[in-house]
Amino acid sequence: MEKHFKFLTLPHGASTVANVFIHGYSAGHDLRDRRLLSKQIPSTLQNGINILGFWRSGHYLHVTDTTKQLIAAASRLYPYAAVAALAAERVAHFALSRRRSTQMGGVLFRELDDYLVAKHPYVTEINLVGHSLGGRVLVGALRKLTRQPDGRSLTIGDVLLMAAAVEVDADEALALKACISGRLINAYSKSDNILLMNAD
């Protein structure tokens, strides 16, 4: 069976609680970036088991050969056409990553459960942290849980969404909150204009 996530456990002591971090767009795409992300975990969370969940979120600089050819052809016609072609392609690329993040939410708990059983069978509770599209992954996972409660043995404690690239209305937030035993925290900044974009 194909795996959609790669999990990395940071050095830890004994604990029955795991903090699971899911990154956003254009992150975790290579070993260097994964190491950088692993260094960002706050020291105040060292009393639990910290696990990073990596998924194919895409990267804003990764351009296919077809796209390069399209941009080259557009630049021969008119320089601004190349810029417009690149901008349109990047919007489409992000939209693809956004759709993928929703799909990742559908498989997160199954793959995380398999990982925990294999590596940390003593864990009984998980806290979830998602940034940007990683927040969308978590909301997708919780949405699936509200539709298909599968008798999960793990308790979901706190869920922290940081600048989550997903829209949830108040009624749905209550339904999602019913799946967790702790707090559902939506952290964002009103000055974060990126969250206002909905290009596709």
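Here the structure is a predicted model, which is why all the values come from computation and not from measurement. The written sequence of each chain sets the order in which its residues are numbered from 1. Given that the model is predicted, a residue must reach a pLDDT of at least 70 before its local features are reported, and side-chain atom pairs must reach 80 or more before they are shown or counted; all residues, however, enter totals for whole chains, interfaces and linings. Where side-chain values are given, they derive from all heavy atoms of the structure, hydrogens and water being excluded.

Undergrad: Just give me the short version of the packing of helix H4 (residues 133-147) against helix H5 (residues 170-177), but keep the residues and values in it.
TA: Note on definitions: angles span 0 to 180 degrees between N-to-C directions of axes, and those axes are lines fitted to C-alpha atoms, for helices only across the stretch in contact. Note on conventions: DSSP H or I runs of at least 4 residues are helices, E runs of at least 2 residues are strands, and numbering of each starts at the N terminus. With their axes 9 Å apart at the nearest point, H4 and H5 run at an angle of 75 degrees to one another. With respect to H5, the axis of H4 lies roughly perpendicular. Two secondary-structure elements touch here, H4 through Val139, Leu142, Arg143 and Thr146 and H5 through Glu172, Ala175 and Leu176. Gly falls in the polar group here, along with every residue not listed as nonpolar (Ala, Val, Leu, Ile, Met, Phe, Trp, Tyr, Cys, Pro) or charged (Asp, Glu, Lys, Arg). Broken down by class, the residue content of the contact of H4 with H5 amounts to 4 nonpolar, 1 polar and 2 charged. An angle below 35 degrees is read as roughly parallel, one above 145 as roughly antiparallel, one from 65 to 115 as roughly perpendicular, and any other as oblique. Contact criterion: two residues are considered in contact whenever any of their non-hydrogen atoms come within 4.5 Å of each other.

Undergrad: Provide a residue-level description of the packing of aromatic side chains, including the pertinent values.
TA: For this analysis, a ring pair means two rings from Phe, Tyr or Trp (six-membered ring only for Trp) whose centres lie within 6.5 Å, classed as stacked if their planes differ by under 30 degrees, edge-to-face if by over 60, and tilted for the remaining angles. Across all of its chains, the model carries 2 aromatic pairs by this definition. On the numbers, 5.7 Å between centres and 15 degrees between planes, the contact of Phe5 with Phe7 is stacked. Ring geometry for Phe7 against Tyr115: centres 5.2 Å apart, planes inclined by 35 degrees, an arrangement best described as tilted. With Phe7 in strand S1 (residues 6-9) and Tyr115 in helix H3 (residues 79-119), this residue pair connects regions lying 108 residues apart in the sequence. Considered together, Phe7 and Tyr115 belong to a single accessibility category, that of buried residues. Here a set of aromatic residues connected by ring pairs shows up, and it is made of Phe5, Phe7 and Tyr115. The cut-offs for exposure are 20% and 50% of the maximum accessible area for each residue type, with area from a 1.4 Å probe on protein chains only; residues under the lower value are buried, those over the upper are exposed, and the others partly exposed.

Undergrad: How would you summarise the pairing of strand S6 (residues 184-187) if you had to cite specific residues and measurements?
TA: Pairs of strands are assigned from DSSP output, requiring at least two bridges between the strands. Where strand S5 (residues 155-162) lies against S6, 4 bridges are found, and the strand directions are parallel. Looking at S6, one finds that Val159 is bridged to Leu184. Every crossover in which the path from the first strand over the helix to the second runs clockwise, viewed with the strands pointing away from the viewer, is termed right-handed. Handedness of the crossover is the feature at issue here: the chain leaves S5, passes through H5, returns alongside S6, and the resulting connection is right-handed.

So far we have only geometry, and geometry alone does not tell us how the molecule works.
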